[in-house]
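# Commentary on secondary and tertiary structure
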Amino acid sequence: MGISTSLDANGIWENGLPQQLIHDWDAHLAHEKRRSEHTRRAYIATAERFCAFLSKHRGGAVDAKLLVSLTPNDLRAYLADRRAEGLGNASAARELSALRGFLRFVGGSGASVPPMRGPRVKKGLPRPVAPAEALALAQDVEDNARQGWTGARDFALLLLLYGAGLRIGEALGLTGAALPLGETLRVTGKRNKTRVVPILPAVASAVARYVAACPYPIAKDQSLFLGARGGPLAPGVIRASVRSARRALGLSERTTPHALRHSFATHLLAGGADLRSLQELLGHASLASTQIYTAVDAAHLLDIYRSAHPRAG
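Owing to the predicted nature of the structure, the values given are computational and were not obtained by experimental measurement. (Residues numbered from 1 in each chain as written. Predicted model: local features only at pLDDT ≥ 70, side-chain atom pairs only at ≥ 80, totals over all residues. Heavy atoms only, no water.)

### A few points about the packing of helix 7 (residues 148-164) against helix 9 (residues 201-213)
Test applied: Helix axes use the C-alpha atoms of the stretch in contact, all axes being lines fitted to C-alpha atoms, and the angles between their N-to-C directions lie in the range 0 to 180 degrees. Helix and strand definitions here come from DSSP, where helices need a minimum of 4 consecutive H or I residues and strands a minimum of 2 consecutive E residues; each element is numbered from the N-terminal end. Roughly parallel refers to an angle under 35 degrees, roughly antiparallel to one over 145, roughly perpendicular to one between 65 and 115, and oblique to any angle outside these ranges. In this scheme the crossing of two helices becomes right-handed for a clockwise turn of the near helix relative to the far one and left-handed for an anticlockwise turn of less than a right angle. Here, two residues are considered to be in contact whenever any of their heavy atoms come within 4.5 Å of each other. Under the scheme applied here, ten amino acids are nonpolar (Ala, Val, Leu, Ile, Met, Phe, Trp, Tyr, Cys and Pro), four are charged (Asp, Glu, Lys and Arg), and all others, including Gly, are polar.
The geometry of helix 7 relative to helix 9 is characterised by a closest axis approach of 8 Å and an angle of 155° between their N-to-C directions. The angle between helix 7 and helix 9 falls in the class roughly antiparallel. Every pair of crossing elements has a handedness; the one defined by helix 7 and helix 9 is left-handed. Counting all contacts with helix 7, which are made through W149, A152, R153, F155, A156, L159, L160 and G163, the residues of helix 9 involved are A202, V203, A206, V207, R209, Y210 and A213. Considered class by class, the residues forming the contact of helix 7 with helix 9 number 12 nonpolar, one polar and two charged.

### Considering the packing of aromatic side chains
What counts here: Aromatic contacts are taken between Phe, Tyr and Trp rings whose centres are within 6.5 Å, Trp giving its six-membered ring; a plane angle under 30 degrees counts as stacked, one over 60 as edge-to-face, and the others as tilted. When a residue's accessible area, from a 1.4 Å probe over protein chains only, is under 20% of the maximum for its type it is buried; when over 50% it is exposed; and in between it is partly exposed. A ring has a charge above it when a Lys NZ or an Arg CZ is no more than 6 Å from the ring centre and no more than 35 degrees off the ring normal.
Inspection of the entire model under this criterion finds seven aromatic pairs. Aromatic side chains W25 and F102 sit 5.8 Å apart centroid to centroid with 55° between the ring planes, which places their arrangement in the tilted category. One end of the pair, W25, is in helix 1 (residues 19-31); the other, F102, is in helix 5 (residues 89-107), and 77 residues separate them in sequence. F102 sits in the buried class, given a relative accessible area of 1%. Look at W149 and Y216: their rings are 5.8 Å apart centre to centre, the planes differ by 80°, and that puts the pair in the edge-to-face class. Residue W149 is located in helix 7, and its partner Y216 is located in the loop between helix 9 and helix 10 (235-249); the two are separated by 67 residues in the primary sequence. Counting every residue linked through ring pairs, the aromatic cluster contains W25, Y43, F102 and F105. Sitting over the ring of W149, R153 keeps its end group 5.6 Å from the ring centre.

### Some points on the pattern of salt bridges
For side chains bearing opposite charge, pairing can occur when the charged atoms are close. For clarity, the threshold we go by: We define a salt bridge as a side-chain nitrogen of Lys or Arg found within 4 Å of a carboxyl oxygen belonging to Asp or Glu.
By the definition in use, this model includes nine salt bridges. Between D74 and R58 there is a salt bridge; the shortest N-O distance is 2.9 Å. Here the residue D74 occupies a position in helix 4 (residues 72-84), and R58 occupies one in helix 2 (residues 37-59), the gap between them amounting to 16 residues. Judged by its relative accessible area of 4%, D74 is buried. The class for R58 is partly exposed, based on a relative accessible area of 37%. A salt bridge links R167 to E170; the nearest nitrogen and oxygen atoms lie 2.4 Å apart. As far as burial versus exposure is concerned, R167 and E170 are alike and both buried. Shared partners join several salt bridges into a network, and the residues in it are R49, R82, E85 and E95.

### Points about the environment of L29
Locating L29 in the fold gives a position in helix 1. Exposure remark for L29: the relative accessible area of 2% places this residue in the buried category. Taking the C-alpha atoms as reference, L29 lies 9.9 Å from G101; in sequence the two are 72 residues apart. In contact with L29, not counting residues within four places along its chain, are R34, R35, R40, Y43 and I44.

### Examining helix 7
Where we set the bar: A helix is expected to span 1.5 Å for every residue after the first.
Between its first and last C-alpha atoms helix 7 spans 24 Å; for 17 residues at 1.5 Å apiece the expected length is 24 Å, and the two agree. The element helix 7 is largely enclosed, with a buried count of 16 among its 17 residues.

### Overview of the nonpolar core
Definition in use: In these notes, a set of buried Ala, Val, Leu, Ile, Met, Phe, Trp, Tyr and Cys residues joined through side-chain atoms within 4.5 Å is what counts as a nonpolar core.
If you look at the biggest cluster of nonpolar residues, it comprises 47 residues, and the most contacted ones within it are L158, L160, L166, L185, I199, Y210 and F225. Broken down by secondary-structure element, the contributors of at least two residues to this core are helix 5, helix 6 (131-143), helix 7, helix 8 (168-172), strand 1 (184-188), helix 9, helix 10 and helix 11 (257-270). No other element matches helix 7, which puts 10 residues into this core. Apart from residues no more than four positions distant in its own chain, I199 is found in contact with L160, A164, L181, G182, E183, T184, L185 and A204. Within the second largest apolar cluster, 28 residues are counted, among which are L21, A64, L79 and L87.

Printed below as a string of structure tokens:
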């Protein structure tokens, strides 16, 4: 349903921005979409940046009439402006996704949004997911969840995969006995082998936020991650959400939940971790399984060399 095109209480658009439209959009995200507070902040910041840009780009105040008459060129101009500020592909695609939602809301049911393909990541050899892309992926999955608490759940789960190097089966095998998460977590992997992994504060915070939002009690002897009806979460649900998010962000088809675990390993190796420590963190039975990450890291360094070294061409 569309929103009013009336001005604010004083009949003035503050700084050329449609404050009432943005306020209504925020209320829609909170009450109808049930988005988390941090998601709403990101979406509102995007809408405000976009409207501020339009005020200069088109000249004058921005209102609903202008917003529903935009063309793909207006969106391209905005993204070009943001890219000039250093915005990466994944973040640019996420902003475009947020703007599509904002424009659909302003236009009401049946409104058409200017068609525009999001930024694409070049295809090539398998590469780890960059930290910014991993976070953008988790945020996009949360933003597009049907319910606010399932979005918080998926965000927490993906951060566990990327921040602690868990397999998806290991994460889904966790029970309420793991709560509250501390600085380390005991994980049961393949062949019932247990290991202890460190937990980053951001990961613990994301899990705590999910637990607080979950409408079902999480018992110590039952699954930590629950499905929409309160049963154990099926891995296919999170895989489907990741597929949708990577398409929206223009990421490679190789960007899967398991790829986040690979990225955890590759980034640790690049940061100076030794193979034996990495083997323990990943729960590999043999060092040979861990050594694959040296080849991935070497390929990544070769890419940097080819693009940066003056004699590489």
